[in-house]
Amino acid sequence: MYVTHDEQSLRLQVRQMRWEAEGVLSVEMEFLDGSPLPAWAPGSHLDLHLPGVITRQYSLCGSPADRRTWRIAVLLEPNSRGGSQAVHTALRPGDHVSVVGPRNNFSLVESPNYLFIAGGIGITPLIPMLEVADSAGSNWRLVYGGRTRTAMAFASDLEAKYGDRVQVVPQDVYGLLDLESLLGTPEEATRIYCCGPEPLLSAVENRCNGTWPSGALHVERFLARPRQAVDSAEEDSFEVVLQRTGRTVEVAPGQSVLEALDTAGLNFPSSCREGICGTCEAKVLDGVPDHRDSLLSEEERAANDTMMICVGRSKGPRLVLDL
């Protein structure tokens, strides 16, 4: 999935903010002069730069056909690290914001059939997918779970627009999503797109593993997977060679590649530093990366031709990157 990062920082104005559900604010942004925004495809997200040197990633959840306005939706997190708090308490219509993107690590692959599974605020990247799938004449359905109906953003809008293709499942009424009935029998030529909290994503991955064809499931995470314990041998120092710059940097035990480059005074694009946004993706020219991100698919990890350097390391003594 290696891509070059040529996105520019854009200065936008907040046009409108609206409550979409309990604890969920949508934010619509546009160019100050009203000129067209860059084109984007379903699955894209933005880096939103907020006061206090906070950068957070939010999925575009408007219509890809709308070139005048970009829309995101932000859930107020009880344990917020500052991003959602800043949006909910400090950002207001008329404010100017800097964004970088759009960037897409969750592309909608063309298919005759789709099953979309959303949990809570995970509905956001799926909304534009529904529009595109519907316009293409694909057979699709959405199963949308959440704690309560009042906390499920855009649920009524989606039901009104798409009718019985949308199944809204508030947990306080129906319980958890019935993944056995949804995923128990693989469906021919069907792509599954899922976004939501980690327990849902892990359960969907476990249910599909070994049952559905490889590549049928596509997930996007808002938070990094829980880190698994690593063997002490995987924490040895190694050297990373930057092919373009001609520099070689020592990566100490316990350091990521990006942390070592930072220490050496070398600046490369990064944002989340958790392996979920794709900003720091680098092409691997030689060596075997130790993937510790929550973004690459199993197939992409096995190919070993790209890595997220903000969390990744090397499984050998030398790693050569196209940097």
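Use the structure listed above.
So, how was this worked out
- Residues numbered from 1 in each chain as written.
- Predicted model: local features only at pLDDT ≥ 70, side-chain atom pairs only at ≥ 80, totals over all residues.
- Heavy atoms only, no water.
- Helix = DSSP H or I, 4+ residues; strand = E, 2+ residues; numbered from the N terminus.
- Rg over C-alpha atoms; globule rule 2.2 N^0.38 Å.
- Buried < 20%, exposed > 50% of the residue type's maximum accessible area, 1.4 Å probe, protein only.
- Contact = heavy atoms within 4.5 Å.
- Areas by Shrake-Rupley, 256 points an atom, 1.4 Å probe, with all protein chains shown as cover.
- Lys, Arg positive; Asp, Glu negative; His and termini not counted.
- Charge placed at Lys NZ, Arg CZ, Asp CG, Glu CD.
- Pairing = 2+ DSSP bridges.
- Axes fitted to C-alpha atoms, helices over the stretch in contact; angles between N-to-C directions.
- Core = buried A, V, L, I, M, F, W, Y, C linked by side-chain atoms within 4.5 Å.
- Phe/Tyr/Trp six-rings, centres within 6.5 Å; stacked < 30°, edge-to-face > 60°.
- Disulfide = S-S within 2.5 Å.
- Polar contact = N/O pair within 3.5 Å; in protein donor to acceptor, adjacent residues only side chain to side chain.

Participant: Where do I start with the overall build of the protein in this structure?
Facilitator: A tally of helices and strands in the protein yields eight helices and 18 strands. Radius of gyration (C-alpha) of the protein: 20 Å, near the 20 Å computed for a compact globule of 323 residues. The proportion of buried residues among the 323 residues of the protein is 50%. For the protein, the proportion of contacts with a sequence separation of at least 24, taken over those separated by at least 6, is 67%. Carbon and sulfur atoms provide 49% of the accessible area of the protein, an area that totals close to 15100 Å². On the protein, the mean spot of the 29 positive side-chain charges and the mean spot of the 43 negative ones are 3 Å from each other.

Participant: How should I be thinking about the sheet that holds strand β13 (residues 247–251) in this particular structure?
Facilitator: Each strand in a sheet pairs with its neighbour through backbone hydrogen bonds, running either in the same direction (parallel) or in the opposite one (antiparallel). With mixed pairing, five strands are arranged side by side in an open sheet as β13-β12-β18-β14-β16. Where the open sheet ends on each side, the last strands, each with one partner, are β13 and β16 (306–308). Across the sheet, the axes of successive neighbouring strands diverge by a mean angle of 40°, strand direction being ignored.

Participant: Sorry, what's going on with the nonpolar core here?
Facilitator: Side chains of nonpolar character tend, in soluble globular proteins, to be buried together. Within the largest apolar cluster, 28 residues are counted, with the highest numbers of intra-cluster contacts made by F116, W140, L142 and L158. Mapped by element, the contributors of at least two residues to this core are β7 (113–119), α2 (126–135), β8 (139–146), α3 (155–162) and β9 (166–170). Excluding anything up to four places from it in sequence, W140 contacts Y114, F116, L130, A133, D134, Y162, R165 and V166.

Participant: Teacher, can you tell me more about the packing of aromatic side chains here?
Facilitator: Taken as a whole, this structure holds six aromatic pairs when the rule is applied. Arranged with centres 6.1 Å apart and planes meeting at 35°, the rings of F116 and Y193 form a pair that is tilted. In this pair, F116 is assigned in strand β7 and Y193 in strand β10 (residues 190–195), connecting sequence segments 77 residues apart. Aromatic rings pair up to connect F106, Y114, F116, W140, Y162 and Y193 into one cluster.

Participant: Is there a simple way to think about α2 in this case?
Facilitator: Along α2, seven of the ten residues are buried, which leaves the element largely enclosed by surrounding structure. Turning to α2, the residues buried within the fold contact β5 (70–75), β7, β8, α3 and β10. Positioned one or two residues after α2, G137 has a phi angle of 80°, which is positive.

Participant: Would you mind going over the environment of A282 with me for this structure?
Facilitator: Of note, A282 is situated in strand β14 (residues 281–286). A282 gets classed as buried once you look at its relative accessible area, which sits at 0%. Considered as a pair, A282 and D47 are 235 residues apart in the sequence and their alpha carbons are 18 Å apart.

Participant: How do you make sense of the state of the cysteines when you look at a structure like this?
Facilitator: Linking two cysteines covalently through their sulfur atoms gives a disulfide. What the rule picks out here adds up to zero disulfides. Residue C272 stays outside any disulfide, its sulfur separated by 3.6 Å from that of C277, the closest cysteine. Overall, the relative accessible area of 14% leaves C272 in the buried class.

Participant: Sorry if this is basic, but what is going on with the pairing of strand β4 (residues 54–59) here?
Facilitator: Note on strand geometry: in a regular strand, side chains alternate between the two faces of the sheet. Across the six residues that make up β4, a large majority, five, are buried. Examined bridge by bridge, strand β3 (residues 44–50) and β4 share six bridges and lie antiparallel to one another. By the bridge assignment for β4, D47 is matched with Q57.

Participant: What am I meant to see in the side chain of H291 here?
Facilitator: Relative to the elements of secondary structure, H291 occurs in the loop between β15 (289–290) and α8 (298–303). One polar contact links the side chain of H291 to the main-chain carbonyl oxygen of R301, over a distance of 3.3 Å. At 3.0 Å, the side chain of H291 forms a polar contact with the side chain of N304.

Participant: Looking at this model, I keep getting lost on the environment of A90. Mind explaining?
Facilitator: Relative to the assigned elements, A90 resides in the loop between α1 (83–89) and β6 (96–104). A90 sits 40 residues away from L50 along the chain, and the two C-alpha atoms are 9.2 Å apart. Residues within four places of A90 in sequence aside, it is in contact with Q85 and D95.

Participant: Can you walk me through unusual backbone geometry in this structure?
Facilitator: When glycine is set aside, most residues are seen to have a negative phi, and most peptide bonds are trans. Residue P102 is reached from G101 by a cis peptide bond, and omega for that bond is 0°. By the element assignment, P102 lies in strand β6. The phi angle at F154 is positive, at roughly 70°, despite the residue not being glycine. Secondary-structure assignment places F154 in the loop between β8 and α3. Here F154 falls in the buried class, since its relative accessible area comes to 4%. The backbone of R273 sits at a positive phi, close to 55°, despite the residue not being glycine. Residue R273 is classed as partly exposed on the basis of its relative accessible area of 41%.

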